Every structure is written in structure tokens, then in C-alpha cells.
Amino acid sequence: MEYMTGPAAPTQGNILCCQCGVAIPPNPANMCVGCLRAQVDITEGIPKQGTLHFCKQCERYLQPPGTWIQCTLESRELLALCLKKIKASLSKVRLIDAGFIWTEPHSKRLKLKLTVQKEVINGAVLQQVFVVEYIVQSQMCEDCHRIEAKDFWKAVVQVRQKTLHKKTFYYLEQLILKHRLHQNTLRIKEIHDGLDFYYSSKQHAQKMVDFLQCTVPSRSKSSQRLISHDIHSNVYNYKSTFSVEIVPICKDNVVCLSPKLAQSLGNMSQICVCIRVTSTIHLIDPRTLQIAEIDGNTYWRHPFNSLFHPKQLEEFIIMDINRVQEKKKGAGAGARSNKHTLAEAWVQKTSELNTDHQYFCCTHLGHILNPGDLVLGFDLANCNLNDEFANKMNPHHIPDVVLIKKSYDRTKRQRRRNWKLKELERDREGADTDDERQYQDFLEDLEEDEAIRKNVNIYRNADVPVESDTDDDGPPRISLAEMLEDLHISEDATGVSAGFQAPCLSPGQMPQEAKCFPSEVSQEFQMYGCLVCHPVCYLETSLFFLSLPRSVASLYWVSSIFQQESCRKDLMLRIPGKQLINLSVLLGFLCVCLLAGNT
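Residues numbered from 1 in each chain as written. Predicted model: local features only at pLDDT ≥ 70, side-chain atom pairs only at ≥ 80, totals over all residues. Heavy atoms only, no water.

(A) Layout of the sheet that holds strand E20 (residues 359–363). An order of E20-E19-E18-E21-E22 is seen for the five strands of this open sheet, with the pairing classed as antiparallel. Of all strands in the sheet, those with a lone pairing partner are E20 and strand E22 (401–406), marking the two edges. On average, adjacent strands in this sheet sit at an angle of 45° to one another, irrespective of strand direction. (Pairing = 2+ DSSP bridges. Helix = DSSP H or I, 4+ residues; strand = E, 2+ residues; numbered from the N terminus. Axes fitted to C-alpha atoms, helices over the stretch in contact; angles between N-to-C directions.)

Here it is as C-alpha cells:
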């Protein structure tokens, strides 16, 4: 007989399900899982469908009762918003897990996968997974509704400049576009003396005023008007008005400074030429090349006006010109310009060529003027100056002629201009016939002044063919390296560019664009995995492309290069510290990176 040395291991018996008779481990409900789920539905009372309101304009979702929040697809914020919709129904169950099920972004459907638990018959805990579907309905929020109405505003910025020319406004318009200060405006209205910017909040208007004071010499004042007042909650509703006055001085104006101001600027001459208006007024003395900058506060303490308006410019011809060596600086003299050359010139009006009357003058344009050139200037000898400071000056200190800029053929200049600028969308009261001429003057100023051009976004005009930039005898031109490509990327709901089709290349296969290059270039492509922008220019390694930011190596560039003929030929990319290259150079390397999974 054998004896057991240890205690017997306990064993659990099975019972039969009270519904189907299947042997199951004992449980408080005495039912199998299938029968328990058939008998009890713990998701009963929880809605399986819901509605979300979405504003297309600002891309925000409505959080009842009246709050609009910014949520991206499959984000925590959007998940919390969806759960709040069924929060009351979830109070009877225990939420274990929640997550999104992928749906097409343009399907207007959101699916939420929920896992819940609940205690059922005799203390048994049942876990169940179900899907809640939300329908996204479009509804315009109150803010966007007010913007679309275009008649609701809480603050307005009135920008004014009391001058006949709009050069400063054209420059200011480009600065606003570059820094995107126009995005929060409800409406932009153009009037005779300036622009009006309407905003839905006072903070946005104050931001515009601060920007204007940093970019152009100006002064501002504000006022507000009470619209309504709630005596119970002590809430006031105001409409604010900001008035910004820009100094009435534009580029190429001839000004007469007060004796006190001229002395404080280094004993420069009172008659000066304004060569640029940025955050300060840049003046130059055409007799000594002495330069000075006057900010807004200094101008309003010592105001001065322009002696002429642009319509009084007259055309002169250079009869003789002599460059002057550097003059000895006087006591207390200020800095001199290194970009200009002092010269003494004899000029004659083109309207008086049948006479022998010539004028002698000193000019700061000696670096670009030659005998026989045409130049625009103001005739001070035969005009009646109505200025407080000019009338008190010694007549011997007033020059006979002040030359402003060299004259070129405007028709030829417009025909060769292969660039363009963007404009603000604004309401115009009436089209002025002189606006087009003033705008052409501003475009010519951009071509002639690099200091102003660097603050402006200049876009390449694909309708005008690219010509050689080596023509030194013609008017100044903007090089292709300073232009941006005007890209219009249209995306569908999935975020992929419309019409995109990724190129499929097998390893070692050469793109179609490489066939237009000589065989030796194609061999270099197979060796280094890159293309060159011109058959003459060879790239020895692809390490140059590895230094580019990854944002450049995107599918959009590949799509543009493959599908758009204009992009393959004309699309340019300027990289800081590198020379200008064509974007088709990136084609081969991007394809290799896409295949290798490096992007």
C-alpha cells in the first residue's frame, strides 16, 4: 500500500450554463460569456451617434454652450470634446479605454472606440467594446460671422499722410504683407489721404499701431466712444479709434531744414534731398555728401516740409560733369555717404535745348551720371519758394538746380520687368489716374535702392521671360537671386497637394528629367544620386544636399518638379550661404532619400 506524502491539490469543478448547458467555470451569474452578453447589454442608454459643429473659416469646434476651441484630428482635445457629448450616459458604466478609429478626413465622420465595464447579475463584471460615430456639421462661429458681415468692428486704425505722393504707403503695404499684419483685419478701406484698418478687437488694432511706429516715422493718438453699458454687470462696450499720422516726407523730396536742426545734424546744408524713408528719414546734402537720419520724435519737434511735389520734376541733360575729390570736412561735420560720388555738373533743360541757358549744380549722383545722360531734378532758380525757412536763407546758399535721379526709358523698363509685388485686398473709393504713375515710380525705386528692396518680398513673374542680368548700360534691375517663387499650393482634406502622384523609381533607375542632360552628366547622377542644374555645372558629391533642412525635402517639391514644366525650368531656391540653384537639382537626391526611407 502506498501513502501520499503531501496534501492533495485542490481542483475546481465546472458547472453547466443555465442557458445553453455548456460547461463553464463557476461564476456569480452561472452563465457563459456568450449568454451573458445576449441577456445583458451594458451599453444600453449610451448614444451610438452624435453631432459635432465645426467652423470652416477658423477651423474650431463648438464646445457647448458657446465656446469654440481649436482641435486637430485625433487629438486629446478632440477626444475630450467627444466624450463630453456622452458624459451623462457614461455615468452608469466604468470607462476603461477610448480612442479614434481612422476615417477619411473629408468624410465628415469621426468614429470613437470605447471600452466600458459594468457589474451585472450577482456581481459579475462584464466588459464590452463599442463604437460611437460623430457627424461633423458645418456651422459658422460668431467671430467669423462678424468678419463675413464686414460691418462689425470694435477698433479702427486710421493711417494718414498729408502728401501728394504715395511712395511711403506702397512701401508700408509691402511691409504689412511681409509680416502678415493684415490677417486679423475685418476690412481695409482706401481713402484719399491714407488707409483705414478695421479690427474685431482693440488688441489687434494696438498691435498694428505698434508696428507702424516701428517701421515708419509717425505719431499716434487714440480715442474711444461708448456704445453700450450694462448697469447690472458693469460691462462697457466701446469702439476705439487710433489715428496714425506719418511724416509728410517721401523719397526724392527736396526739403529745407530749420537752422537749428541743420546745425544739430553736423552743420549740414539746409537744402537736402530725402533718399529713403524707413523707420527714419534719410537725408543727404548734395553739396557735401553729408548724410543724416531723422526719427519721428525729432521731426515733430522740428517739422519741415517738402519744397516741391513730384509733378514739378523737370528733365535735364548733362552737358558736362566732373567728379570732385573728397572735400575737407568742416568743424563738427557729420558722416558722409560712401555709396554716392560728389560731382559738379553743367545741365540744360531738355525744353530749352534751342537756347544757351545752362545751370551749374553740385550733385550726389556722380557715380551714375555721364555727359549726355538725362536726369530729373527741380529748378530752384526759376520757382517761387513758399517755405518759412527757405525764404530766410541767403540766396547765394540756395542751389539753382537739385538733381534727383537718372532718367530711363519707362516703356522699355516696364517691358523687361520680370518680377511683381502682391497687394492688399482693400476697398477703393475711386480710382485716381495718377495712382498708376506713382506705383511705377515706387517699382523703379525698388530697382534702384537695394536698402529698401531687402525689406520687401519680390516675386518672380513667370509670364515674362528671364533675360541676362549682365546688361550694365541699361537701367538698374533686380537679379533673379533676390526674387521669390510665387507658389500656390492647393490641398485637399487629406492635406496632400491636389493632383499629387508620387514618382515610382526602382533602385538605380534614372528619372525622366535626367535624359535631357549629356551622357556624362547622367553617369554622374547614377554615381552620386543627384542632378546638376546646368550641363556645365557639375556636383562632385551629394553632401551639399545633406546639409539642406528636411523641410525642403518634401513630397511637394518632387511633385512640382515632375508634373510642372515651369517648375522644372524656372523654380528657383535661394539658400543662405549657398549659391542660387534650381529646384530640379534636388530631384534625384530626394528620390533616393524617399526610397531609402531617410526622409
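Now that the structure is up, let's keep going.
(B) Molecular detail of the pattern of salt bridges. For the structure on display, the rule yields 24 salt bridges. Salt-bridge contacts for aspartate 427 lead to arginine 187; the nearest nitrogen and oxygen are separated by 2.8 Å. Placement of aspartate 427 in strand E24 (residues 427–428) and of arginine 187 in strand E10 (residues 185–190) is noted, with a sequence separation of 240 residues between them. For arginine 187, a relative accessible area of 29% gives the class partly exposed. One salt bridge in this structure joins arginine 410 and aspartate 441, with 2.2 Å as the shortest N-O distance. On the criterion of sequence distance, the pair formed by arginine 410 in helix H8 (residues 410–416) and aspartate 441 in helix H9 (residues 435–448) is long-range, its members being 31 residues apart. A network of salt bridges, in which partner residues are shared, links Arg410, Arg413, Arg417, Arg437, Asp441, Glu444, Glu447 and Glu448. (Salt bridge = Lys/Arg side-chain N within 4 Å of Asp/Glu carboxyl O. Buried < 20%, exposed > 50% of the residue type's maximum accessible area, 1.4 Å probe, protein only.)

(C) Local environment of the packing of helix H4 (residues 167–179) against helix H5 (residues 202–215). Two numbers describe how H4 lies on H5: the axes approach to 12 Å, and their chain directions differ by 125°. The pairing of H4 with H5 is recorded here as oblique in orientation. Considering how the two elements wind past one another, H4 and H5 form a crossing that is right-handed. From H4, Leu172, Leu175, Ile176 and His179 reach across to H5, where they touch Met208, Phe211, Leu212 and Thr215. Looking at side-chain class alone, the contact of H4 with H5 contains six nonpolar, two polar and no charged residues. (Parallel < 35°, antiparallel > 145°, perpendicular 65-115°, else oblique. Left-handed = near helix turned anticlockwise from the far one by under 90°. Contact = heavy atoms within 4.5 Å. Nonpolar A, V, L, I, M, F, W, Y, C, P; charged D, E, K, R; others polar.)

Everything listed is a geometric property; what it means functionally is a separate question.
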